[in-house]
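Below are the chains, spelled out letter by letter.
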Amino acid sequence: MDFDYNVRGNLGLGNPINTILQNRGISNTGAFLNPSKKNMENAHLLDNIDLAVDLFLNHMNNSTTVTVLQDCDCDGITSAALIILYINEHFPKIKVDYIIHNGKEHGLDSKTMSKIISSMPDLLIIPDAGSNDLRELKKLKQLGIDVIVLDHHDKSKKTARLQSIYHLDDFNAFGVIVNNQFSTNVKDKSMTGVGIVYKFCLVIDERLGTNTANKYLDLVALGMIADICDLTQLQTRYLVLEGIKQIQEATNENKFISELVKSQAFVLHNKVTILGIGWYIAPLINSLIRLGTPDDKQILMKAFLNDTSKVVMKIRGKGEQEISIQECARRLCEKYKRTQKKLTEDYTNILIAQVDEYDLNSYPVICCKASDDFTNTFTGLIANKLKSLYQKPSLVLRENENILVGSARGFEESRIKDIKSFCQKSKLFKLVEGHPNACGVHIKIDKISEFYEYLAKQETDNKLHYDVDAKFTNSTLNATWINLISEYSEVWGNNIAEPVFAIELTFTISDSNFKLIGADKTTIKILYQNIEIIKFKTTEAEYKNIKCLGSDIKFIIIGKFSINEFRGNKTPQIVVENWQYEVSKSKSKFRF
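Residues numbered from 1 in each chain as written. Predicted model: local features only at pLDDT ≥ 70, side-chain atom pairs only at ≥ 80, totals over all residues. Heavy atoms only, no water.

**Let's talk about a positive patch on the surface**
Spelled out, the test is: What goes into a patch is any residue over 30% in relative accessible area without a salt bridge, connected to like charges within 9 Å or, for nonpolar side chains (Val, Leu, Ile, Met, Phe, Trp, Tyr), within 5 Å. Reported accessibility uses the Shrake-Rupley method at a 1.4 Å probe radius. Residues are deemed covered only where the shown protein chains occlude them. Note on definitions: salt bridges are taken to be side-chain nitrogens of Lys or Arg within 4 Å of carboxyl oxygens of Asp or Glu. Neither His nor the chain ends contribute to the count of charged residues, in which Lys and Arg are positive and Asp and Glu negative. A charge is said to be at NZ when it belongs to Lys, at CZ for Arg, at CG for Asp and at CD for Glu. Burial classes follow relative accessibility: with a 1.4 Å probe on protein chains only, a residue under 20% of its type's maximum area counts as buried, one over 50% as exposed, and anything between as partly exposed.
A contiguous patch of positive charge on the surface is contributed by Lys337, Lys341, Lys385 and Lys537. You can call Lys385 partly exposed: its relative accessible area is 38%.

Below, the structure written as C-alpha cells:
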C-alpha cells in the first residue's frame, strides 16, 4: 500500500531522546526518564482505603475464613497473587481460598456467585473487578459476607442506574470499594488492579510497621504492563521500572516470573523491558488463561503463589520428568500459545474469505462477523491479525442474543487514528469500552447495516500516513545515531511508542549486500555501509522485484532503529515497517 509521512521535528545536535519524548507529549523529560519515590501519591488519597484496611485487619486478627476472586487476565492473576502472598507472609494461620473463572468472565458472574454462596466465606476480596457488580454485592451483604473491592475500572452506565435505583450516596452500602477512578483526590488514574492492591498493602504495612509490599513489585510491573496502563504517569512509571529492575537483577520474589523471563531470554536479548514484557511474557500467561482447563489454571495460580511442590510432566524427547510447578506452568503457557497461534491463523483465514467474498476491504474499516464456532476469547486476536493484514482498523463481531459482540482494533497509520472514538461518534453502538485502539464493542444486529452505510460515507484514500520522529538520508544516516537511540530501549512501551524514522537512501545493491534469508525465505537483509536493513515477513517475489530494478535503487523506508546482538557482536540495524523502492534517477556517490 502507498504511504506518505510527516516529520514531527528536527532531532538537532543534542540528545535526540528529548525531542522524541516531546513528540509524544512529554514535556519534563528529565523527570520522565528518572521517576523516583517522590512521584508516589499518598495511598490514603484513595477513598475508603483506611476503612478497607480496618475491615481486613479485623478479619485477620479473628482468624476468619477468606476467599479471593481471581479475575481472568494478567492484571487479575497478579492482583490476586499479590494479596494472597501478602496474607500468607503476615498471617500464616489464615487459610486463603481463591476462585478462578472458568472462562473469560469478569467479576461476580452467576457461576462465581454460586461458588461464593456455597462456601460462605467471612471475607471476600475482589481485586481488579467488582466495582460495577452492585446487585451481587447487595446480595452478599444480605448474606452476611464482608466484601473488599480493590479495583480500577470506571463506573458503568448500568452501575449509575443502579446507584439511582438503590438511592446510594455511598458505594460502601454493600461492600468497601477502593477504586482510583472513584477517588476525587487521586490524580494518577492509570494504576491498574495490581497497583491498587499494592497501595492497599502499603497501608497495611504502615499499620504493621513492615515493608513487605515492595517485595512484590515484579507482580506490579507485570500486571500493569499487561493491562496497558498509562506510563506517562510518573508514579505508575516509577513502580513499573522498579519492578523491572528487580526482575533484571534477579532480586525479585516471584519464581514464576523468573521462570518465564529465563525461558524467553533469547527474544528478550537478556534485557527485561516494558516492550519485552508486553510482547513476550504477558501473552504467554494470557494464552493459558484464555484456553487452559480449570486444572491448568490452578497450576498457573500455584506457580504465581511460589508453590514449592513438584509435578510429573511428560516432556517431549525426555518422557515423564519431575519438575517444579513453575516450570510446569511455563510449559503449559508455551503449549497454549502455540495452540492459540494455530487457531488464530485458522479463524483469520476464514474471515479473509469473507472479506474477499463481500468486498469488505473497500471500506475504511474491516468489519467481519465470526460464526458461533469461533472461540469468543479470540475476537481481539483475530482483529489484530486482520488490521495488520489489511493495514486498516478492524472489527470482529459474534452474534449473542440479537447483539453483535466483539473487539475493535485500530491502525494508527490509517486516516482513522482512534477506532474507539470512531465507533462512538457513529452513535450506533450500545457499548464501546477500552483503549483508543483496542476496545470491546456491542451493536444491535439491526444496526449493522447502518454501520456499513456509515463506513461507506467516510473519506478514504487507500494510503498510509506515518508520523515520524526524523528523516535520515545518505548524508545524515550513520551507526552513531542508531546506537544512541537504541540505548533507550527500556523507555518505550504501552502508550509510549517506539521512535519511527523515515530513511531515504540511494545505493547500489549486489549479491553480496542484498540477500533473502531465513529457513522459509521471508526476510530481506541489506548491508548498507556498516548498518543492516532488515525487512521481515516479505516474499521471494518482492525480493526478485527489487533485483529486477537493477543495481542503483532509491529506497524510502519507514523503520525503527535497533541493535542486533549475535555471538558477542553488535550490529546497528534498521527494522523496516514499510518501504517503497524505485530505480534511482541518480548514480550512487562513491564512498571509501
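**Examining the pattern of salt bridges**
A side chain with one charge can pair with a side chain of the opposite charge if their charged atoms come near. This is how the line gets drawn: Secondary structure follows DSSP: runs of H or I at least 4 residues long count as helices, runs of E at least 2 residues long count as strands, and numbering of each begins at the N terminus.
Scanning the model with the defined rule gives 22 salt bridges in all. Linking Lys342 and Asp346 is a salt bridge whose minimum nitrogen-to-oxygen distance equals 2.7 Å. Of this pair, Lys342 and Asp346 both sit in helix H15 (residues 325-357), 4 residues apart, roughly one helical turn. Between Glu498 and Lys560 there is a salt bridge, and its shortest N-O distance comes to 3.3 Å. With Glu498 in the loop between helix H19 (479-486) and strand S16 (501-508) and Lys560 in strand S20 (residues 552-566), this pair connects stretches of sequence that are 62 residues apart. The class for Glu498 is partly exposed, based on a relative accessible area of 26%. Each of the salt bridges in this network shares a partner with another, and the network as a whole consists of Arg8, Arg24 and Asp469.

**Section: the confidence of the model for the protein chain**
The condition that has to hold: Note: pLDDT gives the predictor's confidence per residue, expressed from 0 to 100.
Per-residue confidence for the protein chain gives a mean pLDDT of 92, with 96% of residues at or over 70. Per-element confidence in the protein chain is highest for helix H8 (residues 193-208), whose mean pLDDT is 98, and lowest for helix H7 (residues 157-165), whose mean pLDDT is 67.

**Focus: the pairing of strand S11 (residues 403-409)**
Formally: For two strands to count as paired, DSSP must find a minimum of two bridges between them.
By the criterion of burial, S11 is predominantly enclosed, with 6 of the 7 residues buried. In this sheet, S11 lies alongside strand S10 (residues 394-400) in antiparallel orientation, the contact comprising 7 bridges. Residue Arg398 lies in a different strand from S11, and its bridge partner there is Val405. Connecting the antiparallel pair S10 and S11 is a turn made up of 2 residues, with Glu401 showing a positive phi of about 55°.

**What about the packing of aromatic side chains?**
We apply this condition: Between rings of Phe, Tyr and Trp, where Trp is taken as its six-membered ring, a pair exists when centres lie within 6.5 Å; planes separated by under 30 degrees are stacked, by over 60 edge-to-face, and by other angles tilted. A ring is considered to have a charge above it if a Lys NZ or an Arg CZ atom is located within 6 Å of its centre and within 35 degrees of its normal.
Evaluation of the coordinates by the stated rule reveals 19 aromatic pairs. Measuring from ring centre to ring centre gives 6.3 Å for Phe451 and Tyr454, while their planes differ by 25°; the resulting arrangement is stacked. Of this pair, Phe451 and Tyr454 both sit in helix H18 (residues 448-456), 3 residues apart, which is roughly one turn of the helix. Note on Phe472 and Phe561: the rings are 5.5 Å apart at their centroids and 55° apart in plane angle, and the pair reads as tilted. Placement of Phe472 in strand S15 (residues 470-473) and of Phe561 in strand S20 is noted, with a sequence separation of 89 residues between them. Overall, the relative accessible area of 3% leaves Phe472 in the buried class. With a relative accessible area of 8%, Phe561 lands in the buried category. Taken together through their ring pairs, the aromatic side chains of Phe507, Tyr528, Phe555, Trp579 and Tyr581 make up a single cluster. Over the face of the ring belonging to Tyr336 we find Lys335, whose NZ or CZ atom lies 4.6 Å from the ring centre.

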